[in-house]
Amino acid sequence: MLQTMNRSVRRVVIGAVGLVLAAVAVGVSGAAPPLWTDRTENTAATAPLKTFPLLARYASNGKLRAYEANGSGGLKAGYDLGGGFGDSTALVQANISEGGRGNDLYHRMNNNLFYTAEHGNDTKLIGGGWDIYNLIFSVGNMGGSAEVDLAARDASGNLWLYQGKPDGTLAARVRIGTGWGGMTLVGRGDYTGDGKADILARYTDGTLVIYSGTGSVTADAVVGTKYTVGPGWQGYKTLASAGDTDGDGRTDLIGADTAGALWLFKGTGNAAAPFAPRVQIGTSGWAAFDVLF
């Protein structure tokens, strides 16, 4: 069973000072976003997280809102995490700190990528030059190291893997492959049931496929077999994974449709039929968010 910790009253305060200082140090303009500190716990006190809160950003004002899993496939009532994220051009949640139990945040602003640990008191500049990527997302542990990784796609359609380190910094990039332009990409889970992290890709025609992870960090060999999930996925404005949302040990997929409803696709662990029929977990209002992560 999943357990949820009491929410810290510091969740919209801690890290704000560090973000401001980091922004000043590298010449970043705009309001610095605060750090959220709520998280969903696994039963095992030392195990890396398998279930994550679903975070959403309002398109209108840049505020973040968090929705924790209720343990049976639905989401608890959301709560605000504060504003200041409107200028962030990428938002990525990754569990790196505290041995994989921290809900940490990467965000990009003015060409720079920053990292903030959930219970840290500062924000770290990872590096500049990140505007070369039109997509940055979490892919879980694709490379087989102890920490989870990021993936980033450049304008030419090349997809790159950045292995995470315990302090939130990243190893040198390794090319996952070419030809990834125009796709909607989602990671953060094993969708085939082989114990390795995979990547979900929605093509422009609405077809959803799984690129199974190999566990290798060899260039152009990070993913292997492709499994077709099926057509018709163009009806979802946003796709995201919050890990094992329903608590059955398998990675699930969440989709917000164009009408503003939210749907859960429970993972089966079977590559031939990776998702059960969808279940509605949100009735309206999700169209107000421009990012789910």
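That block above? That's the structure.
Just so it is clear, the model here is predicted, and its values are computed rather than measured.

Asks: I keep staring at the sheet that holds strand E20 (residues 262–265) and nothing clicks. Help me out?
Replies: Sheets are built from strands that pair by backbone hydrogen bonding, the pairs being arranged parallel or antiparallel. Taken in spatial order, the 4 strands of this open sheet run E18-E19-E20-E21, and their pairing is antiparallel. Here the strands that pair on one side only, and so sit at the sheet edges, are strand E18 (236–240) and strand E21 (279–282). Strand-to-strand twist of the sheet, defined as the mean angle between neighbouring strand axes without regard to direction, takes the value 30 degrees. Bridging between strand E19 (residues 253–257) and E20 involves 4 bridges; their strand directions are antiparallel.

Asks: Quick question: what am I supposed to make of the sheet that holds strand E8 (residues 112–116) here?
Replies: In spatial order, the strands read E6-E7-E8-E9; together these 4 strands make up an open sheet with antiparallel pairing. The two strands at the open ends of the sheet, each matched to only one other strand, are strand E6 (90–94) and strand E9 (124–128). Neighbouring strand axes in the sheet, compared pairwise and without regard to direction, differ in orientation by 20 degrees on average. Strand direction decides the pairing type here: E6 and strand E7 (residues 104–109), joined by 5 bridges, are antiparallel. If you follow Val 92 over to E7, its bridge partner there is Tyr 106.

Asks: I'm lost on the packing of aromatic side chains in this one. Help?
Replies: Aromatic ring pairs are described here by two measures, namely the spacing of the ring centres and the angle between the planes. What the rule picks out here adds up to 15 aromatic pairs. Their ring planes at 45 degrees and their centres at 5.6 Å tell us that Trp 233 and Tyr 236 sit as a pair that is tilted. Classification of Tyr 236 by relative accessible area gives buried; the value is 8%. One aromatic cluster is present, built from ring pairs that chain together Tyr 191, Trp 233, Tyr 236, Phe 265 and Phe 275. A cation sits over an aromatic face here: Arg 278 above Trp 263, 3.5 Å from the ring centre.

Asks: Can you help me understand the pattern of salt bridges in this one?
Replies: Two side chains bearing opposite charge may form a pair once their charged atoms approach each other closely. Within the structure shown, the criterion is met by 6 salt bridges. Note that Arg 175 and Asp 220 form a salt bridge whose closest N and O atoms lie 2.8 Å from each other. Of this pair, Arg 175 sits in strand E13 (residues 174–177) while Asp 220 sits in the loop between strand E16 (208–213) and strand E17 (223–230), and the two are 45 residues apart along the sequence. One salt bridge connects Arg 250 with Asp 248, and the closest N-O pair in it is separated by 3.6 Å. Its relative accessible area of 37% is what places Arg 250 among the partly exposed residues.

Asks: Would you explain unusual backbone geometry in this entry?
Replies: For residues that are not glycine, phi is negative in most cases, and the peptide bond is trans in most cases. For Glu 98, which is not a glycine, the phi torsion comes out positive at approximately 55 degrees. Within the secondary structure, Glu 98 sits in helix H2 (residues 97–100). Within the chain, Asp 220 stands out as a residue other than glycine whose phi angle is a positive 65 degrees.

Asks: Before we go on, may I ask you to explain the pairing of strand E14 (residues 184–189) in this structure?
Replies: Successive side chains on a regular strand alternate, one facing one side of the sheet and the next facing the other. Summarising burial for E14: 5 of the 6 residues are buried, a large majority. Where E14 lies against strand E15 (residues 198–202), 4 bridges are found, and the strand directions are antiparallel. Across the sheet, Val 186 pairs through a bridge with Leu 200, a residue of E15.

Asks: For this particular structure, what's the right way to read the environment of Gly 157?
Replies: Following the sequence through the fold, Gly 157 ends up in the loop between strand E11 (149–154) and strand E12 (159–162). Taking the C-alpha atoms as reference points, Gly 157 and Met 183, 26 residues apart in sequence, are found 9.1 Å from one another. The contact partners of Gly 157, leaving out residues within four places of it in the chain, are Gly 177, Thr 178, Gly 179, Trp 180 and Gly 181.

Definitions and limits used
- Here the residue numbering is sequential within each chain, running from 1 through the sequence in written order.
- Reporting of local features is limited, given that this is a predicted model, to residues whose pLDDT is at least 70; pairs of side-chain atoms are given and counted only at 80 or more, and all residues count toward the totals for whole chains, interfaces and linings.
- Note that water and hydrogens are dropped before the side-chain values are worked out from all heavy atoms of the structure.
- Think of it this way: DSSP has to see at least two bridges between two strands before they count as a pair.
- Secondary structure elements are defined from DSSP: runs of H or I of at least 4 residues count as helices, runs of E of at least 2 residues count as strands, and each element is numbered from the N terminus.
- As a rule, the C-alpha atoms of each element are fitted with a line to give its axis, helices using only the stretch in contact, and angles between N-to-C directions run from 0 to 180 degrees.
- Working definition: rings of Phe, Tyr and Trp (its six-membered ring) pair if their centres are within 6.5 Å, and the pair is stacked with planes under 30 degrees apart, edge-to-face with planes over 60 apart, and tilted otherwise.
- Buried, partly exposed and exposed residues are distinguished by accessible area as a fraction of the type maximum, computed with a 1.4 Å probe on protein chains only: under 20%, between the cut-offs, and over 50%, respectively.
- A ring is scored as having a charge over it whenever the NZ atom of a lysine or the CZ atom of an arginine sits within 6 Å of its centre and within 35 degrees of its normal.
- We count a salt bridge whenever a side-chain nitrogen from Lys or Arg sits within 4 Å of a carboxyl oxygen from Asp or Glu.
- Note on definitions: a residue-residue contact is assigned when non-hydrogen atoms from the two residues lie within 4.5 Å.

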